[in-house]
Amino acid sequence: MTKQQRYQFVIDYFEEHAPEAETELLYDNPYQLLIAVILSAQCTDKRVNLTTPALFRKYPNARALSKADVDDVFDLIRSISYPNNKAKHLVGTGIMLEEAFGGEVPLTVEELVKLPGVGRKTANVITSVIDHQPNMAVDTHVFRVSARIGLTTNAKTPLQAEMQLIRNFPKELIHKAHHWLILHGRYVCLARSPKCTECGLKPVCKYYQTVVSKK
Ligand code: SF4
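For the chain, the name recorded in an unreviewed UniProt entry is Endonuclease III, with Taibaiella chishuiensis as its organism. According to the UniProt record, the Sequence similarities (unreviewed entry) comment for the chain is "Belongs to the Nth/MutY family." Under the Catalytic activity (unreviewed entry) heading, UniProt states for the chain: "2'-deoxyribonucleotide-(2'-deoxyribose 5'-phosphate)-2'-deoxyribonucleotide-DNA = a 3'-end 2'-deoxyribonucleotide-(2,3-dehydro-2,3-deoxyribose 5'-phosphate)-DNA + a 5'-end 5'-phospho-2'-deoxyribonucleoside-DNA + H(+)".

Written as structure tokens, this is what we have:
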């Protein structure tokens, strides 16, 4: 099987079984998505979704957040991982959005990564979710699942995986493929015990064929 055939099988599978894949973070606008994604680093979407309603009520936009007291933000997000750093990042992000971007969330990776707490992965999420730009955020799920299936080969870093994935997925599907792989990693291709028996990708999955089926 060629790599392109493997990609096509994966695309067809997810188009049929997860046509509407999207982020599980709750948000109403780009500002809220940005804040939620910053909070989601090393934390579950579920936990973030429990936390953001109160945060957004008190700080509904960049202007409000730019004037926030870091300790107050900390109190609102204390149940999330790394609340200290994240509280500082959120207020810093509010300030920079106000001062450099007119209170709006910029929609280029280059501008987004200037914001405190925003790395390439977060910037890729924002631009692909809000604007459907062909950017692939590679988190731990995407990295693991792509390698197991064989969509990536010998990728040592998230950036290497990202480059391979965007080279091989059709441009117009990249924003969706990101969610396909994340959700598959979250619910089926689990890190410690992948649920291979119930996975429809078995026929093309390298890990299944070389490891699981040989046990
Ligand atoms: S067959 Fe198993 S290892 Fe391969 S993608 Fe499915 S769950 Fe993951």
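This part is about the domain arrangement of the chain. Assigned domains within the chain: domain 1 (3-21 + 136-214) and domain 2 (30-131). Taking only C-alpha atoms into account, the centre of domain 1 sits 28 Å from that of domain 2. Listed per partner, the contact involves eight residues of domain 1 and four residues of domain 2. The dominant element in the side of domain 1 that touches domain 2, judged by the number of residues it contributes, is helix 11 (residues 174-187), at three residues. Class assignment for the residues of the side of domain 1 that touches domain 2 results in five nonpolar, two polar and one charged.

Attention shifts here to the site of the ligand. Near the ligand there are 13 residues, and of these Cys189, Pro194, Cys196, Cys199 and Cys205 occur at the shortest range. Listed by contribution, the elements that provide at least two residues to the shell around the ligand are helix 9 (140-149) and helix 12 (206-210). Broken down by class, the residue content of the shell around the ligand amounts to ten nonpolar, no polar and three charged.

A few words on the environment of Pro30. Position of Pro30 relative to the elements: it lies in helix 2 (residues 30-40). For Pro30 and Asn61, which are 31 residues apart along the polypeptide, the C-alpha to C-alpha distance reads 9.9 Å. With near-sequence residues (within four places) excluded, Pro30 lies in contact with Val105 and Ile130.

Our next topic: the UniProt feature "domain: HhH-GPD" (unreviewed entry) in the chain. Residues annotated by UniProt as "domain: HhH-GPD" (unreviewed entry) correspond here to residues 39-187. Within residues 39-187, the helical portion is 66% and the strand portion 0%, while the C-alpha atoms at the span's ends are 21 Å from each other.

In terms of nonpolar packing, the biggest core is built from 53 residues, with Leu34, Ile35 and Ile126 touching the most fellow members. It is helix 2 that provides the largest number of residues to this core, a total of eight residues. The two domains that each donate at least three residues to this core are domain 1 (3-21 + 136-214) and domain 2 (30-131). Non-local contacts of Leu34, meaning those with residues more than four positions away in its chain, are made with Val105 and Ile126.

Put simply, helix 5 (residues 70-77) and helix 6 (residues 83-101) touch, their axes get as near as 9 Å, and they point 125° apart. On the basis of the axis angle, helix 5 is oblique to helix 6. In this structure, helix 5 meets helix 6 at a crossing whose hand is right-handed. Judged by residue contacts, Val70, Val73, Phe74 and Ile77 of helix 5 engage Pro83, Asn84, Lys86, Ala87, Lys88, Leu90 and Val91 from helix 6. Across the contact of helix 5 with helix 6, the residue classes break down as eight nonpolar, one polar and two charged.

Here the focus is the environment of Thr122. Along the chain, the position of Thr122 falls in helix 8 (residues 120-131). The buried category is assigned to Thr122, around which 22 C-beta atoms lie within 10 Å. As for Thr122 and Val109, which are separated by 13 residues in sequence, their C-alpha atoms are 8.8 Å apart. When near neighbours in sequence (up to four residues on either side) are disregarded, Thr122 contacts Val37 and Ile38.

On to the UniProt feature "binding site: [4Fe-4S] cluster" (unreviewed entry) in the chain. On the UniProt side, "binding site: [4Fe-4S] cluster" (unreviewed entry) is annotated at positions that read Cys189, Cys196, Cys199 and Cys205 here. Despite a sequence span of 17 residues, these residues sit close together in the fold, their greatest C-alpha distance being 10.9 Å. Structurally, the position occupied by Cys199 is in the loop between helix 11 and helix 12. Overall, Cys199 belongs to the partly exposed group, with 17 C-beta atoms counted inside 10 Å. Residues within four places of Cys199 in sequence aside, it is in contact with Val188 and Cys189. Tracing the chain through its elements places Cys205 in the loop between helix 11 and helix 12.

About the criteria used
- Residues numbered from 1 in each chain as written.
- Predicted model: local features only at pLDDT ≥ 70, side-chain atom pairs only at ≥ 80, totals over all residues.
- UniProt positions renumbered as here; feature names shortened; annotations may be inferred.
- Domains from an automatic or database assignment.
- Contact = placed C-beta atoms within 7 Å.
- Helix = DSSP H or I, 4+ residues; strand = E, 2+ residues; numbered from the N terminus.
- Nonpolar A, V, L, I, M, F, W, Y, C, P; charged D, E, K, R; others polar.
- Near = placed C-beta within 6 Å.
- Core = buried A, V, L, I, M, F, W, Y, C linked by C-beta atoms within 7 Å.
- Buried ≥ 20, exposed ≤ 12 C-beta atoms within 10 Å, placed from the backbone.
- Axes fitted to C-alpha atoms, helices over the stretch in contact; angles between N-to-C directions.
- Parallel < 35°, antiparallel > 145°, perpendicular 65-115°, else oblique.
- Left-handed = near helix turned anticlockwise from the far one by under 90°.

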